[in-house]
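Topology and contacts: notes
One-letter residues, chain by chain:
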Amino acid sequence: MAADARSPRPSLKVAAPCCSGPGCGATAGPAGAPPESPPAAAPGGASAPSLRSGDALRAWAPTAAALLLAAVGGVLRLAAGPTPGGGWLGGPDSPLGWASRAAFALAALVGGARILRAGLPALARLRPDMNALMSVAVLGALAVGEFGEAVAVVVLFSAARALEAASLERARREVSALVAGAPQEARVLRGGAEVRADPATVAVGETVRVPPGERVPLDGVVAAGWSALDESPVTGESLPRERGPGDAVYAGTVNGEGLLEVTVTAPSGDSVLARTARAVETARTRRGLFETGVDRFARIYTPSVIALAAGLAAVPPALLGGKPSEWIHRALVLLVIACPCALVVSTPVAVVSGLARGAREGLLIKGGRALEALGRVRAVAFDKTGTLTRGVPEVTDVLPGAGIAAATVLSRAASAEAGSAHPLADAVLRRARAAGLHPLPHRSARCLPGRGVEADVGGGTVRVGSPAWMREIGLGDAATDGEASRLSGEGRTVLVVAEGDRVLGLLGAWDRPRPDAEAAVAALRRLGVRHVEVLSGDGEGPAAAVARAAGADAAWASLLPEHKASRVVALGRERGEAVMMVGDGVNDAPALASAAVGVAMGARGSAAAIEAADVALLGDGLSPLPRALALGRAAGRLIRQNVALALGIKLGVLALAATGSAGLALAVLTDVGATLLVVGNALRLLRLPLGSLPPGTAAAPAGGVHAAADLS
């Protein structure tokens, strides 16, 4: 047979971890211990917290109340008009001015109530965090009469927490919908009769019947029958998988044209879909709400400032003498000057700038934590089908036998497949139409589950199916088997086309990589990504072929959702680096939630994947992905610059305060000036070029494709 000329590819070993249940499928190997799965409980043995319905609404309530009270304060201020010596909010002789002050102060206290309740005890325990830093900022602003600034700080911080809470609640709803993908009724064989029952009442070891077109109700092993199952809800793969006696099947997958009898191997609460839902929620809640670099900084900055003020109040009077009240006053001024309003405000402004720039670049980034994490990514894991590939199989190889035209092979195959609903049949018909061929009239078309199709075409019987079926019925030869093995090794799904008692030729089909996949991986390497892996629920051949085409370092095949999540966690542990996971399907949701940054394909991605992810690509391609990393790197640099700028100005004025050369007026002026500087710096993110490498990053070598370590 004539083969298409192809450039040589480096070899790639694909690791296929074993499943936990009996018979993990044709390519998964023998049963064995699965990889480490995401735990169902939080560290310490306690159950992982879940976000209750309505938490997001309650999170928005303080922010809304603060904005409403601030609006009332603004109206009162306008009604008060100018008053002598009253400043912006009116003087003591203005009742409306006092009312305006009260409204703004109440807005800050109502909006910041949760912050103060968490921050003040943290200060008392000498365990300052972001809430403690926010408490110092709000109370300091109120102490110097900067009521508007106090409200701004509260609103920005509370809004960020509310957005994160809303994201968690939506994720909870979406992953709960995964379990709803399993049918609510099972056909159980009891006492020789078929009984309809709730899947939750079906015991392990019982047998359920799955007619054509229905969903499998519970995880199990095929006891009788052959069929092709759409396993995309579990594995994400676009091609149905042939399943027969001894093969594992999963709840929520859709049966094709054959009748199956399935022996149940797991209760409904422990199905793959149920474990997927638990894995997503566990991973999401384990991350915590709105933790950024500022939170880590607060643990150092806040106690340092408090210790410095206490030392200024106590040490100089004891060593130098003088009035203790004078040094206490200087210490209070120091605390007011140290109020980190500029620091706290500038970070949310940088985040908002980054989110706005991301939207312009085709990226939906869900908050500051995700933006910060993008800047730390050094390893990337890709789902295969629908992410690195188009998600639609196509016929790429037509290999006719000796003396047979390629058009004949295509025409006969299309004629036999014309009545089939199998995705490969659609691929054959598309290739035939593209070649200007039309199916010939056929009669008595028959689908043979697990084998292929046969039909009477032009007076002869045409068969299109797997090489194994052709060997079973005595068709084929050594040359046919050799070409079939070669195509399989290149990741193709092989169809043998036969007419009567002779083989006409072979068709090779595969899910072609996206045209921008290789360029996207190369761009990620130039941005400092050191390692790229492909994670797939498909078999070894297709996973290896796509990994080679995209320029990845390793591939992992035959993975269930929990295995993908385990591999993402293991990759981060092995390399000691932040891992980004890119996927599109329900089966990718646990891995997306387990990664430092989860990125979903927004145009074609499932709702569960988009909600579990931190970033969604708004277009149908990978080209925005390198810009996401460049944006994260740039945002991290600007935030660090803002912290250094605000802190440097503060330290300068603190030195003056310690010597008695700075008063509250200079403190307020300095804080306002520092705020304007850092906000202006953060707004630069809206126009920074993202097409070139960020300063300080070096292009990482692509390296050779190497073997992945076994997970089992």
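The structure displayed is predicted, hence computed values, not measured ones.

1. So, the overall build of the chain
Broken down by element type, the chain carries 23 helices and 23 strands. Per-residue burial for the chain yields a buried fraction of 54% across its 712 residues. In the chain, 69% of the contacts between residues at least 6 apart in sequence involve partners at least 24 apart. When the accessible area of the chain is evaluated, it comes to approximately 28,500 Å², of which 61% is carbon and sulfur surface.

2. So, the environment of Ala 122
Considering the arrangement of structural elements, one finds Ala 122 in helix 3 (residues 113–124). On the basis of relative accessibility, which here comes to 1%, the residue Ala 122 falls in the buried class. Counting along the chain gives 10 residues from Ala 122 to Ala 132, while the straight-line C-alpha distance between them is 6.2 Å.

3. Describing the pairing of strand 6 (residues 227–230)
As a general feature of sheets, a regular strand has side chains that alternate between the two faces. Bridging between strand 6 and strand 7 (residues 241–243) involves three bridges; their strand directions are antiparallel. Each bridged residue has a counterpart across the sheet, and for Leu 229 the counterpart in strand 7 is Arg 241. Pairing between strand 6 and strand 9 (residues 254–255): two bridges, direction antiparallel. Considered in strand 9, the bridge of Leu 229 is made with Asn 255.

4. Here we look at the confidence of the model for the chain
Low pLDDT means the predicted coordinates in that region are not meant to be read closely. Of all residues in the chain, 70% attain a pLDDT of 70 or more, and the chain-wide mean is 75. Taken as a whole, residues 283–291 scores under 50 in pLDDT and shows 34 contacts with residues more than four places along the chain or in a different chain. Here residues 692–712 is modelled with pLDDT under 50, and outside its nearest four sequence neighbours on either side it reaches 46 contacts, counting other chains as well.

5. Some details on the sheet that holds strand 6
Read from one edge of the open sheet, three strands run 7-6-9, paired in antiparallel fashion. At either margin of the open sheet sits one strand with a lone partner, and together these are strand 7 and strand 9.

6. Some words on the pairing of strand 19 (residues 531–535)
Within strand 19, five of the five residues are buried, which leaves it mostly tucked inside the rest of the structure. The side-chain alternation of strand 19 yields two buried faces, one formed by His 531, Glu 533 and Leu 535 and the other by Val 532 and Val 534. Note: strand 12 (residues 377–383) against strand 19, five bridges, orientation parallel. Bridging from a neighbouring strand, Asp 383 pairs with Leu 535 of strand 19. In the sheet, strand 19 pairs with strand 20 (residues 554–556) via three bridges, with the strands oriented parallel.

7. Some points on the nonpolar core
Counting residues in each nonpolar core, the largest one holds 44 residues, and the members touching the most others are Phe 382, Met 580, Val 582 and Leu 622. Looking at this core element by element, the count peaks at eight residues for helix 22 (residues 624–658).

8. Quick word on the packing of helix 13 (residues 406–417) against helix 14 (residues 423–434)
Between two packed helices, both the angle of their axes relative to each other and the distance between the axes serve to describe the pair. Two elements in contact, helix 13 and helix 14, have axes whose closest approach is 9 Å; the angle formed by their N-to-C orientations is 135 degrees. Taken together, helix 13 and helix 14 sit at an angle that is classed as oblique. Remark: the crossing between helix 13 and helix 14 carries left-handed chirality. Here Leu 410, Ala 413, Ala 414 and Glu 417 of helix 13 come into contact with helix 14, specifically with Ala 425, Val 428, Leu 429, Arg 431 and Ala 432.

The rules behind these values
Residues numbered from 1 in each chain as written. Predicted model: local features only at pLDDT ≥ 70, side-chain atom pairs only at ≥ 80, totals over all residues. Heavy atoms only, no water. Helix = DSSP H or I, 4+ residues; strand = E, 2+ residues; numbered from the N terminus. Buried < 20%, exposed > 50% of the residue type's maximum accessible area, 1.4 Å probe, protein only. Contact = heavy atoms within 4.5 Å. Areas by Shrake-Rupley, 256 points an atom, 1.4 Å probe, with all protein chains shown as cover. Pairing = 2+ DSSP bridges. pLDDT = per-residue confidence, 0-100. Core = buried A, V, L, I, M, F, W, Y, C linked by side-chain atoms within 4.5 Å. Axes fitted to C-alpha atoms, helices over the stretch in contact; angles between N-to-C directions. Parallel < 35°, antiparallel > 145°, perpendicular 65-115°, else oblique. Left-handed = near helix turned anticlockwise from the far one by under 90°.

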